[in-house]
Each structure stands twice: as C-alpha cells, then as structure tokens.
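Examining the three-dimensional arrangement
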Amino acid sequence: MARLLYFGRLSDVTGHAEETRDLPSDVADTAALRRWLDADHAADGALLEASVRLAVNSEIVMDPAPVSNGDEIAFMPPVGGG
Amino acid sequence: MARLLYFGRLSDVTGHAEETRDLPSDVADTAALRRWLDADHAADGALLEASVRLAVNSEIVMDPAPVSNGDEIAFMPPVGGG
Amino acid sequence: MIDITETPFDHAEALAEFTRRVGGAGAVVSFTGLVRGEDGVVSTLHLQAYSPMTERGIEAAVKTAKARWPLIDAHVIHRIGDMAPGEPIVFVAIASAHRRAAFEAADYLMDYLKTDAVFWKKEVSSAGAAWIEPRAEDYQDRARWDAQGG
Amino acid sequence: MIDITETPFDHAEALAEFTRRVGGAGAVVSFTGLVRGEDGVVSTLHLQAYSPMTERGIEAAVKTAKARWPLIDAHVIHRIGDMAPGEPIVFVAIASAHRRAAFEAADYLMDYLKTDAVFWKKEVSSAGAAWIEPRAEDYQDRARWDAQGG
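**Some thoughts on the overall build of chain C**
Helix and strand content of chain C: four helices and eight strands. When the helices and strands of chain C are read in sequence order from the N terminus, they spell out β-α-β-β-α-β-β-β-α-β-β-α. The C-alpha radius of gyration of chain C comes to 16 Å, within 12% of the 15 Å expected for a compact globule of 150 residues. Seen through its C-alpha atoms, chain C measures out along the principal axes to roughly 45 × 35 × 30 Å. Put simply, chain C has 150 residues, and 55% of those count as buried. In chain C, the proportion of contacts linking residues at least 24 apart, taken out of those at least 6 apart, comes to 76%.

**Examining the nonpolar core**
With 69 residues, the main nonpolar core has C:I94, C:L109, C:L113, D:I94, D:L109 and D:L113 as its most contacted residues. Among residues more than four places away in sequence, those in contact with C:L113 are A:G80, A:G81, A:G82, C:I58, C:V76, C:H78, C:V90, C:V92 and C:F119. Core analysis: the next-biggest nonpolar cluster, separate from the first, contains 24 residues, D:F9, D:F18, D:I77 and D:A93 among them.

**Quick look at the side chain of D:D107**
Topologically, D:D107 is positioned in helix α3 (residues 99-115). At a separation of 2.8 Å, a polar atom in the side chain of D:D107 contacts the side chain of C:R100. If sequence neighbours within four positions are ignored, D:D107 has contacts with C:R100, C:F103, D:R144 and D:W145.

**Some words on the environment of A:E19**
Residues and elements named next belong to chain A. Along the chain, E19 turns up in strand β2 (residues 18-21). Residue E19 is classed as buried on the basis of its relative accessible area of 11%. Taking C-alpha positions, E19 is 5.3 Å from L4, a pair spaced 15 residues apart along the chain. Looking at E19, its side chain comes within polar contact range of the side chain of Y6, at 2.5 Å. For E19, the side chain forms a polar contact with the side chain of H16, separated by 3.2 Å.

**Considering the relation of the copies chain C and chain D**
The two copies are related by a screw operation: chain C maps onto chain D through 180 degrees of rotation and 0.0 Å of translation along the axis, at an RMSD of 0.0 Å. Each copy turns onto its partner about a two-fold axis.

**Digging into the interface of chain B and chain D**
Note on interface size: it is often stated as the accessible area lost on association of the parts. Each partner contributes to the interface: chain B provides 19 residues, whereas chain D provides 23 residues. By the criterion of area lost to chain D, the three top residues of chain B are B:F7, B:V79 and B:G82, representing 36% of everything that side buries. Linking chain B with chain D are two salt bridges, by the criterion used here. A salt bridge links D:R56 to B:E59; the shortest N-O distance between them is 3.8 Å. Per-element tally for the side of chain B that touches chain D: the top contributor is strand β5 (residues 72-76) of chain B, with three residues.

**Remarks on the pairing of strand β4 (residues 71-79) of chain C**
Residues and elements named next belong to chain C. By the criterion of burial, β4 is predominantly enclosed, with eight of the nine residues buried. Where strand β1 (residues 2-5) and β4 come together, four bridges link them in parallel fashion. Note on β4: the bridge partner recorded for I4 is H78. Of the pairings in the sheet, the one linking β4 to strand β6 (residues 88-96) comprises seven bridges and is antiparallel in character. From the neighbouring strand, H78 faces β6, where its bridge partner is V90.

**Quick notes on the interface of chain C and chain D**
In this complex, chain C contributes 31 residues to the contact, which on the side of chain D involves 31 residues. When the area that chain C buries against chain D is broken down by residue, the three leading residues are C:R99, C:R100 and C:F103, summing to 25%. For C:D111, the salt bridge identified is with D:R99, shortest N-O distance 2.7 Å. Across the contact surface, chain C and chain D share 15 residue pairs in polar contact (both at pLDDT 80 or more). Mapped by element, the contributors of at least two residues to the side of chain C that touches chain D are α1 (11-21), β2 (27-34), α3 (99-115) and α4 (136-147) of chain C. The residue inventory of the side of chain C that touches chain D, partitioned by class, reads 13 nonpolar, eight polar and ten charged. The pairing of β2(C) with strand β2 (residues 27-34) of chain D spans seven bridges and is classified as antiparallel. Bridge assignment links C:V29 to a residue of β2(D), and that residue is D:F31.

**Focus on the packing of aromatic side chains**
One pair of aromatic rings is described through two measures. These are the centre distance and the angle between the planes. Residue and element names in this part refer to chain C. Inspection of the entire model under this criterion finds 14 aromatic pairs over all chains. With 5.6 Å between their ring centres and 85 degrees between their planes, W69 and W145 make a pair best called edge-to-face. Of the two residues, W69 is situated in the loop between α2 (53-68) and β4 and W145 in helix α4; the sequence distance between them amounts to 76 residues. Each member of the pair, W69 as well as W145, is classed as buried. Geometrically, the ring pair formed by Y108 and W145 is edge-to-face, given 5.5 Å between the ring centres and 85 degrees between the ring planes.

Calculation notes
Residues numbered from 1 in each chain as written. Chains lettered and ligands numbered in written order. Predicted model: local features only at pLDDT ≥ 70, side-chain atom pairs only at ≥ 80, totals over all residues. Heavy atoms only, no water. Helix = DSSP H or I, 4+ residues; strand = E, 2+ residues; numbered from the N terminus. Rg over C-alpha atoms; globule rule 2.2 N^0.38 Å. Buried < 20%, exposed > 50% of the residue type's maximum accessible area, 1.4 Å probe, protein only. Contact = heavy atoms within 4.5 Å. Core = buried A, V, L, I, M, F, W, Y, C linked by side-chain atoms within 4.5 Å. Polar contact = N/O pair within 3.5 Å; in protein donor to acceptor, adjacent residues only side chain to side chain. Least-squares fit on C-alpha atoms with pLDDT ≥ 70 in both. Buried area = accessible area lost by both parts, 1.4 Å probe. Salt bridge = Lys/Arg side-chain N within 4 Å of Asp/Glu carboxyl O. Pairing = 2+ DSSP bridges. Nonpolar A, V, L, I, M, F, W, Y, C, P; charged D, E, K, R; others polar. Phe/Tyr/Trp six-rings, centres within 6.5 Å; stacked < 30°, edge-to-face > 60°.

Written as structure tokens, this is what we have:
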C-alpha cells in the first residue's frame, strides 16, 4: 500500500487530503502514477500539470521517478506561505 | 543678548553647551559671529568649519545670515542618530 | 530557530524574547505578516504545511541567509491551521551588528517564505473558499536575490 | 507618531501597541537599534537632540516616506540622554498592505535617522569619550534613495 497526499487545491479535486492505495502492478513510476490517479479521480488533468510537483518519501523528485507500495507520495501544487 | 548653543563635539571645544552673550555691534551676521566666537573661545577654527551649520531661531541658515541680540543661534556639527 | 505552530502566537513577545537572546546585537529587524481584516468581510485563512519538508526548507533558507549576510541570529515563526483577521501568520526576526544586513536578510527570508516555503494557503470568506498561490509579483521579488552578487 | 524620550522604552511593547493601532494591516516591519554590548567594556551612549528641530525633521521624513510608499502608518521612537548597553536607541515601525513597501520605508527612515536626523552621539567607555559622526557608509546608504525613482 502507498500513502498518497493531496495538498492545497488538489484535495478539492480528489475529494480528500490523503488516501492509502494498493499501486497496480503497471504503476512503477511517478508519470504512470499521475496518469492512473488522474483518471481514477476524474481529475481532468489536474494531477498531470507540470506545476504540480511530486515528493516521494519527503523528497521532491522529477518525473519519472520510481514509486512502489510502502512509499509516501505527495502531490504538491505551487507552494507559498506568509 | 543672544542665546548660543554648541552641540556635539563643539561643547567640548567651547567648554559649555550654551551661553548667553551680548553680540558686539560689528557682529551682524553668521560669518562674523563664527569668527568672533572662534577667536573668543580659542577654538582653533572649529567654529569656522563648513561642516558646522548654523541655525538661527531653529532654522538652518547659509552664511552670511543676519543675527542680532534676542536670537537663539545653534552651532551644529554633522548630525546623526540611531 | 524555526517554529511551525497551530496555535496563535504573540509576535511582540517573540520579538522581546529574540532580542533578549541575542543580547549585544546592534540591529534587530522584524517582519510580521497578519491576516488582513477586510471591511465588513469576515474571512479566515487556512494554512497547510508538509512536515518535516517545510521545516527543512526554511532551515536551509536561514542557513543561506547566514552565509550571505553577517547575522547574529534569526527566528522564523509560521502559523498553520485556521487563522482569523488580525492574527499573525508569519514572523521573521533578524539580529545583526549591521542594520542593512538585518533588513536584507529579513526581506530575503520573506521572499523565500512567500514563494518557496512548503505551505498551501486557502482563504475562506462569505464569497466562498479559494486556494491562493503566489502572484507574479512574488516570484519577481524572489528573483531579485538571484540577480545580485552574494 | 514620533516620540523623543529621555526614559528607556520597551520596543516589543511599542510593536504590540503599533500593531493594535493599525489593525487590518497585512505587513508590519520594525527596526530596533540597540546600544551594543562590547565584551568586557562597559560603555554608555549619550544622545542629544535639538527640539523642536529634531521632531520637525523626522516628521518631514515620515511624510516623504508616506508619499513615496503606500503606508498605513509609521511610528518612530528615539532615545536621548544616557543609555546603557542593550537598551534600545531607536525604533521604527511601518505598517502597509504590501511587505516590500514596509521594508523599504523602514530602511529609508533608518537611513534618514542615521545621517540627517538632528542628533549628536557620544560614546563613553573606559577608554574615554568620543563624539561619533556618520560614517561614509551611512552617507552612501542614504544616497541610494536619491538615485532611485520615486
């Protein structure tokens, strides 16, 4: 099982801030993961946007980076505090 | 009588921060005032320096500006707070 | 020192404590960002962080600032969760022997916090809820520090 | 608001009061200049003003800052008389809707206070007493604001 986090506006898109999912055998990298979850949540491309970065186990990665069950994977739209 | 104020390092030069003096009849402007007081206090040119500005009745003036008994005249070396 | 906190904080008290701690500094600059109170509109701000990535990023930015300017110390406090108008969101304090170093480092850290720090921000008002991302102006402010020598 | 005071002031309390007064501001920047505590050397700072010329000059500088940047309010406090290490000498607080305006206006006012405000400053230590005038660096900092557009 992988722990998936959707930050900022993406929690509105997917309907929740986090979920635990069993990754399908053909989802082995972040590019495949984006496509799978975007279709699964009918996110209409929101999870595919280049401005949405992915972090695997708290490290920001570039697509395609390997993912597997046991990982914590965060979908991060543009950040900004203050 | 004129009230004379010596600010900053000039109080060390003249020996006091202020004094009240009767202006001689030939001291009618700030240039003459500087020369008279510099000689009188043996200030060795300290009151003649261009960086020392004069204020007459709380307004900074350019030499030679008129002065007379009744005025408050301040000798102001370079300013700076903080 | 970096604090990410869900509870409201008193920025003036934070300044008092920071100044005591850095005893001997000649210059202390503080920045406080507060939830704006719009006339007649009650709005709440909601801030999310992703710990410990958020803290690690701010720590790295503070380290960069300390390498770039002669600083004595820095303190960053950032609220998360729900905030009401008038409450502090963010506080940055910088102590240095030199006033310009203190100003520049505080300005730099605020630009980092606005555009690069790992937070997401939602504004909730009677008009609805909206996620707020940095504006072009914020990215331009941030880019000033890349253009300059260091 | 401008205060020239012979008694010590609490800069954190001044920040708290200022922030309360400008309720609704998004950004508050403060600068505090403190008497430096040199290791092992007990020194006192003595500041003179020439009222009301000193106040008038600071008021004019605040007015210039308000014309140049979109500010909500400004507060300047300046000590005169004798000060011990660690005590605040000067405090500037700026409130604005915009953080960069607040930073720049505070920086501008400090440059004014360092080089143009009507004060004279004497440092007294075990090594003796010395009147301190602005350094070349202070005048250069001040000149930045003339070079820039408004």
